[in-house]
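# Working through the structure, step by step
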Amino acid sequence: ASKAARFVRLCNAFNVPIVTLVDVPGFLPGTTEEHRGIIRHGAKLLYAYAEATVPKIAVVLRKAYGGAYCVMSSKMLGADYNYAWPSAEIAVMGAKPAVEILHADAMQSVTPEK
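In this text, all values refer to a predicted model and were calculated from it rather than measured experimentally. (Residues numbered from 1 in each chain as written. Predicted model: local features only at pLDDT ≥ 70, side-chain atom pairs only at ≥ 80, totals over all residues. Heavy atoms only, no water.)

## A short note on the pattern of salt bridges
If the charged atoms of two oppositely charged side chains come close together, the side chains can form a pair. For clarity, the cut-off: Put simply, a salt bridge is a Lys or Arg side-chain nitrogen that is within 4 Å of an Asp or Glu carboxyl oxygen. A helix here means a DSSP run of H or I that spans at least four residues, while a strand means a run of E at least two residues long, and both kinds are numbered starting from the N terminus. Under the scheme applied here, a residue whose accessible area is under 20% of the maximum for its type counts as buried, over 50% as exposed, and between as partly exposed, the area being computed with a 1.4 Å probe on protein chains only.
Evaluated as defined, the whole model comprises two salt bridges. Residue Arg9 is joined to Glu51 by a salt bridge in which the shortest nitrogen-to-oxygen separation is 2.9 Å. Of the two residues, Arg9 is situated in helix α1 (residues 2-13) and Glu51 in helix α3 (residues 38-51); the sequence distance between them amounts to 42 residues. Take Glu51: its relative accessible area is 34%, and that puts it in the partly exposed class. Note that Arg62 is salt-bridged to Asp23, the shortest N-O span being 3.2 Å. Linking Arg62 in strand β2 (residues 56-65) with Asp23 in strand β1 (residues 18-24), this pair joins segments that are 39 residues apart in sequence. Residue classification places Arg62 among the partly exposed positions, given a relative accessible area of 42%.

Here it is, written out as structure tokens:
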């Protein structure tokens, strides 16, 4: 994320429009990733996109889930144009984790098949 933030700032400094190809299935940081600073590095990229004044275009190719999508030049960050491939998925989280959270009680009472 730090390299991408530097690249966004470089493009902004030389007035080069930014085209972002988005394919982020999200991230689930554990304690190891948090100690390495995943939130801090993601914030650098988020801030770089937010302060860029050049035209920004985002194209969602496959998946754009959760906070990872917000960081990748989403409409919420002020991207000028957002496009999505016909088969693209944009959501807060993937279908499987959502079902596991919403139906956790029902899934615990079911015995797994062997």
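Now that the structure is up, let's keep going.
## A look at the packing of α1 against α3
The cut-off we apply is this: The axes are straight lines fitted to the C-alpha atoms, using for helices just the contacting stretch, and the angles between their N-to-C directions are given from 0 to 180°. Our angle categories are set so that under 35 degrees counts as roughly parallel, over 145 as roughly antiparallel, 65 to 115 as roughly perpendicular, and the remainder as oblique. For a crossing to be left-handed, the near helix must be turned anticlockwise from the far one by less than a right angle; the clockwise case is right-handed. In this description, contact between two residues means that some pair of their heavy atoms is separated by no more than 4.5 Å.
Put simply, α1 and α3 touch, their axes get as near as 8 Å, and they point 15° apart. On the basis of the axis angle, α1 is roughly parallel to α3. The way α1 lies across α3 gives a crossing that is left-handed. When α1 is examined against α3, the residues Ser2, Ala4, Ala5, Val8, Arg9 and Asn12 are found in contact with a partner set consisting of His41, Lys44, Leu45, Tyr47, Ala48, Tyr49 and Glu51.

## Looking at a positive patch on the surface
Convention followed: The residues that make up patches have over 30% relative accessible area and no salt bridge, and they are joined within 9 Å when like-charged or within 5 Å when they are Val, Leu, Ile, Met, Phe, Trp or Tyr. The Shrake-Rupley method, run with a 1.4 Å probe, gives the accessible areas here. Residue values count only the displayed protein chains as cover. Residues scored as charged are limited to Lys and Arg (positive) and Asp and Glu (negative), so that His and the chain ends carry no count. Charged side chains are reduced to one point each, which is NZ for Lys, CZ for Arg, CG for Asp and CD for Glu.
On the surface, Lys3, Arg6, Arg40 and Lys44 cluster together into a positively charged patch. Elements represented by at least two residues in the positive patch include exactly α1 and α3. Structurally, the position occupied by Arg6 is in helix α1. Judged by relative accessible area, Arg6 falls into the exposed class, the value being 55%.

## Remarks on the packing of aromatic side chains
Heads up, the rule is: Any pair of Phe, Tyr and Trp rings, taking the six-membered ring for Trp, is counted once the centres come within 6.5 Å. Such a pair is stacked with planes under 30 degrees apart, edge-to-face with planes over 60 apart, and tilted for the rest.
Under the defined criterion, the tally for this structure stands at one aromatic pair. Relative to Tyr83, the ring of Tyr81 has its centre 6.4 Å away and its plane inclined at 10°; by these criteria the two rings are stacked. On the basis of relative accessibility, which here comes to 47%, the residue Tyr83 falls in the partly exposed class.

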